[in-house]
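Residue strings, one per chain:
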Amino acid sequence: MDTNATPYIGEHSPLNRITAYFSALQSSAEEYLFVVDLTTNRVLLSDNFMQDFSFPSNFVDDMDSLILPFIYYEDRELYEKAIEAAKEETRNTSFECEFRLLDSKGDYGWVNLRLSIGLDEYEQPEIISGVISRMDRQIKADNVTGLLNRNVFYADLHEELTMNPNSHGAVVVVGLDNFNVINETYGHRFGDTALRQIAQDITNVLPPDIKLYKMDSYMFGFFMPDAMPEEIEIIFSSVQLCMREIRNVEDTIYCTASGGAAFYPADADDNITLVRYAEVALELARVKGRDQICFFEKETYDRWRYDIGMQNLMQNSIARGCEDFFLCFQPQVNASDGKLFGAEALLRWYDKDGSVVAPMQFIPMLEKSRMIIPVGHWIIENAIIVAKRWQEFMPDFQMSVNISLYQLEERMFFPFVEDCIMRHGIDPHTLTFELTESQSVYDWEFVNKQFSEFHNLGIKIAMDDFGTGYSSLGFLKNFKCDIIKIDRMFVKDILESSFDRNLVKYTVMLCHSIGMKVCVEGIEEEDAYIYLRDECKADQIQGFFFGYPEKEEVFVKRFKKS
């Protein structure tokens, strides 16, 4: 503290009388401290206050003008009103307010300002003492488990990395799998008790000098200097064992945990990145099936980041009316004469650099994120528009569209399709909806009920990619459809493999016996086509031999020539 300034504040100033006490107080405080002399408006500032905000001295004449530029502009009135109210108060009382303050990193963070009035010997206000504390630092412990929280975890890890720059070790996060089910089943009171028990059990299996921290929701974290991957796996195995039994008065509850770990300095050398990488590894463990630990892998992380970026691009595209999506159309021909009768509408998407992204990269993302619902509406609308346009040249032209189970689960899907057909005036008998067999179907009654409504409209139903799932014959038994589409994997070697030839031939016979037509996909050679036509008696053919998926204008040129 600048004691040379003491004569400046006056011999009888209350600031002069409390300087020694103030100096001792600030040395043990993280908060910003200040005291205002109400007779002169001079202010005594703590050292950290002066240094962090580059104030000229510990003593200033007009603190308001110095600090206001650091307060978020929308919150300045809150600060000014609190100071004004304190200065007008005549009793020994306190005031409190919250506002956003710029920190040393250039970010605004919420702070709490507490003001107290100090009276002189005549019971008259003579000073205002103030404390400004960052709200994210006020609470350092989790109120359920008593463990130190994420903020302290970051701070302690930063200190470890700073104090020991050449050390190596691991940052580990442990997430409880589906712990919310325990809360919902037994209540939050029991859930809190269980969390405290789990926290104590995990602490007991960690080395004595390793702290356990409570992260967000149902997640814990710790860091371990000089740790090797094998040691972390052993410790996590112990964590898994202590998770097996959560004690309850009535019965034993079982819970599992997933873990993620990142190693320093191999993966990163700063606390923020290391924790993020450990959490990415935790998510990977959950994707792989939970109840296991995964270590951070840069290649996996880069792929995950790419997927997230691609998902954001698709969301923006959807918000702009699916402007980066487009349809290609692959010819479908009658097997008997090779003549065109229809096409399958296939979704394509432009990446931000203008390149076309492979469908297997982005379509699973659309389905997993449920973005397939708005995109599916766009596909059906545009496929119907194109089909109606082409039917001016070929009235019976058939258009096939892929349908996701997620779309069937949407309450407004059928009304949308019905409305779309009416608005564009297309004959629904010229439409086919294809459901891929690779999707898991758990409720056949629901699926068949949905498709029966489309059947009633006149829309045909096809099972796509037949043979690639786990129970093809089960699909034939349960799925009421009109067309079976045999996947390309069964025809690519059909001329060389007697097994494939017989499999396709007898599958066609079986389908015909139960009243289903068969479309064979992936035909690239004339000899394969002839075999499927003459020996297998397939009904429809689709493949590069008859045409690649093309945009509308290219397809139309071929269409008009055929």
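The sections below set out a description of the structure shown in this document.

Calculation notes
- Counting of residues starts from 1 at the beginning of each chain's written sequence and follows it residue by residue.
- Predicted model: local features are reported for residues with pLDDT of at least 70 only, side-chain atom pairs are reported and counted for 80 or more only, and whole-chain, interface and lining totals are derived from all residues.
- Side-chain measures were taken over the full set of non-hydrogen atoms in the model, leaving aside hydrogen atoms and water.
- Strands here are runs of E lasting at least two residues and helices are runs of H or I lasting at least four, both read from the DSSP assignment and numbered beginning at the N terminus.
- We call a residue buried when its accessible area falls under 20% of the maximum for its residue type, exposed when it is over 50%, and partly exposed in between, using a 1.4 Å probe and counting protein chains only.
- Two residues form a contact once any of their heavy atoms are found within 4.5 Å.
- Should DSSP find at least two bridges between two strands, the strands are taken to pair.
- Structural elements are reduced to axes, namely lines fitted to C-alpha atoms, with helices fitted over the stretch in contact, and the angle between N-to-C directions of any two is expressed from 0 to 180 degrees.
- Whenever a carboxyl oxygen of Asp or Glu lies within 4 Å of a side-chain nitrogen of Lys or Arg, that contact is scored as a salt bridge.
- We define a nonpolar core as any set of buried Ala, Val, Leu, Ile, Met, Phe, Trp, Tyr and Cys residues linked to one another through side-chain atoms lying within 4.5 Å.
- With a 1 Å grid spanning the protein atoms alone, the term cavity applies to any set of points in which a 1.4 Å probe fits but cannot get out, the term pocket to an open set with protein on both sides within 12 Å along at least five of seven lines, and the term lining residue to any residue with an atom within 4 Å of a point.
- Grid points are joined across faces, edges and corners, and a volume is the space filled by probe spheres set on the points.
- Under the scheme applied here, ten amino acids are nonpolar (Ala, Val, Leu, Ile, Met, Phe, Trp, Tyr, Cys and Pro), four are charged (Asp, Glu, Lys and Arg), and all others, including Gly, are polar.
- Classification of ring pairs rests on two measures: the distance between centres of Phe, Tyr or Trp rings, Trp counted by its six-membered ring, which must be within 6.5 Å, and the angle between planes, read as stacked under 30 degrees, edge-to-face over 60 and tilted in between.
- By definition, being over a ring means that NZ of Lys or CZ of Arg is both within 6 Å of the ring centre and within 35 degrees of the ring normal.
- Take the far helix as the reference: if the near one is turned anticlockwise from it by less than a right angle, the crossing is left-handed, and if turned clockwise, right-handed.
- The scheme is simple: roughly parallel for angles under 35 degrees, roughly antiparallel for over 145, roughly perpendicular for 65 to 115, oblique for anything else.
- A right-handed crossover is one whose linking path, passing over the helix from the first strand to the second, runs clockwise when the strands point away from the viewer.

Quick look at the environment of Phe49
Note that Phe49 resides in helix α3 (residues 47-52). Using a relative accessible area of 0% as the deciding quantity, one classes Phe49 as buried. A sequence separation of 18 residues divides Phe49 from Glu31, and the C-alpha atoms of the two residues are 8.4 Å apart. Filtering out sequence-adjacent residues up to four positions away, Phe49 remains in contact with Tyr32, Leu33, Phe34, Phe55, Met63, Ile67 and Ile132.

Comments concerning the sheet that holds strand β5 (residues 108-119)
As summarised here, the arrangement of the 6 strands in space is β3-β2-β1-β6-β5-β4, forming an open sheet in which the pairing is antiparallel. Each having just a single partner strand, β3 (59-60) and β4 (94-102) make up the two edges of the open sheet. Inspection of the sheet shows β4 paired to β5 by 9 bridges, in the antiparallel sense. Following the sheet pairing, Phe95 is matched in β5 by Leu115. Together, β1 (32-37), β2 (43-45) and β6 (125-134) form the strand contacts of helix α2 (residues 14-26), whose direction differs from that of β1 by roughly 175°.

What to know about the sheet that holds strand β7 (residues 148-149)
With respect to topology, 6 strands assemble into an open sheet ordered β7-β9-β10-β8-β13-β14, the strand pairing being mixed. Each edge of the sheet is formed by a strand with only one pairing partner; in this case those strands are β7 and β14 (293-295). Across the sheet, helix α9 (residues 188-205) touches β8 (169-177) and β10 (219-225), and the angle it forms with β10 is around 15°. On top of the sheet, helix α10 (residues 229-243) reaches β8, β10, β13 (256-264) and β14; it is set at about 160° to β13, its chief contact.

Examining the pairing of β5
By the bridge criterion, 9 bridges tie β5 to β6 in an arrangement that is antiparallel. Paired with Leu119 across the strands is Pro125, a residue of β6. The turn joining β5 and β6, which pair antiparallel and follow one another in sequence, is formed by 5 residues; a positive phi near 65° is taken by Glu123.

Re the pattern of salt bridges
The full count for this structure, using the stated rule, is 20 salt bridges. Taking the shortest distance from any N to any O, the salt bridge between Asp534 and Arg533 comes out at 2.7 Å. We classify Arg533 as partly exposed; its relative accessible area is 27%. Bridged by salt links that share partners, the residues Asp177, Glu283, Arg286 and Arg290 form one connected network.

Examining the nonpolar core
Within the largest apolar cluster, 80 residues are counted, with the highest numbers of intra-cluster contacts made by Phe325, Met399, Phe433, Phe454 and Ile541. Of all the elements, helix α14 (residues 372-390) adds the most residues to this core, at 11 residues. If sequence neighbours within four positions are ignored, Ile541 has contacts with Pro331, Gln332, Val333, Ala335, Cys519, Val520, Ile523, Tyr529, Leu532 and Phe546. Within the second largest apolar cluster, 33 residues are counted, among which are Val172, Leu206, Ala227 and Phe263.

Focus on helix α13 (residues 359-368)
Among the residues making up α13, those that are buried are Phe362, Met365, Leu366 and Glu367. Here the buried face of α13 lies against α12 (298-319), β15 (325-334), β16 (340-350), β17 (356-357), α14 and α15 (405-408). The first or second residue beyond α13 is Arg370, which carries a positive phi of 70°.

Comments concerning the layout of surface pockets
Put simply, the largest pocket is a space of about 1,500 Å³. Lining the largest pocket are 44 residues, with Pro359, Met360, Ile363, Pro364 and Met365 sitting closest to its centre. Per-element tally for the lining of the largest pocket: the top contributor is α13, with 7 residues. By residue class, the composition of the lining of the largest pocket is 19 nonpolar, 12 polar and 13 charged.

Structural notes on the packing of aromatic side chains
Per the stated rule, a full pass over the model turns up 38 aromatic pairs. Seen in terms of ring centroids, Tyr213 and Phe223 are 6.3 Å apart; in terms of plane orientation they differ by 20°. Their pairing is stacked. With a gap of 10 residues between them, Tyr213 in strand β9 (residues 213-214) and Phe223 in strand β10 connect regions that are remote in the sequence. For the pair formed by Tyr213 and Phe223, the shared burial category is buried. Between Tyr529 and Phe546, the ring centres sit 5.0 Å apart and the planes meet at 85°, which makes this aromatic pair edge-to-face. A residue pair is termed long-range when its members are at least 10 positions apart, and Tyr529 in helix α20 (residues 526-534) and Phe546 in the loop between β23 (540-542) and α21 (552-561) qualify at 17 residues. Judged by its relative accessible area of 6%, Tyr529 is buried. Following the ring pairs from residue to residue traces out a cluster consisting of Tyr32, Phe34, Phe49, Phe53, Phe55 and Phe70. Above the ring of Phe326, the side-chain terminus of Lys551 is found at 4.8 Å from the ring centroid.

Structural notes on the packing of α9 against α10
How two helices pack is summed up by the angle between their axes together with the distance between the axes. Interaxial distance between α9 and α10 falls to 9 Å at its minimum, and their mutual angle equals 145°. Considering the relative orientation of α9 and α10, their crossing is right-handed. Touching Ile198, Asp201, Ile202 and Val205 of α9 are Ser238, Val239, Cys242 and Met243, all from α10. Along the lines of polarity and charge, the residues of the contact of α9 with α10 split into 6 nonpolar, 1 polar and 1 charged.

A short note on the side chain of Glu381
Its location among the elements puts Glu381 in helix α14. Overall, Glu381 belongs to the buried group, its relative accessible area being 17%. Aside from chain neighbours lying at most four places away, what touches Glu381 is Phe416, Cys420, Arg423 and His424.

Some details on the packing of α12 against α13
At their nearest, the axes of α12 and α13 sit 11 Å apart, and the two run at 70° to each other. Taken as axis vectors, α12 and α13 run roughly perpendicular relative to one another. Residues Tyr306, Asp307, Met310, Gln311 and Met314 of α12 lie in contact with α13, whose contacting residues are Gln361, Phe362, Met365 and Leu366. Of the residues that constitute the contact of α12 with α13, the class distribution is 6 nonpolar, 2 polar and 1 charged.

A short note on unusual backbone geometry
In this model, Tyr264 is joined to Pro265 through a cis peptide bond whose omega is 0°. A positive phi angle is found at Asp226, which is not glycine, with a value near 60°. Residue Asp291 is not a glycine yet carries a positive backbone phi of 55°. Relative to the helices and strands, Asp291 is located in the loop between α11 (271-287) and β14.

Overview of the pairing of β13
Extensive coverage of β13 is indicated by the burial of 8 of its 9 residues. One ladder, built from 9 bridges, connects β8 with β13; its direction is antiparallel. Within β13, the residue paired with Asp177 across the bridge is Thr256. Sheet analysis places β13 next to β14, joined by 3 bridges and oriented parallel. Counterpart to Gly260 in the pairing with β14 is Cys294. One crossover worth recording links β13 to the parallel β14 by way of α11, and it is left-handed.

Any link to function would need more than the numbers given here.
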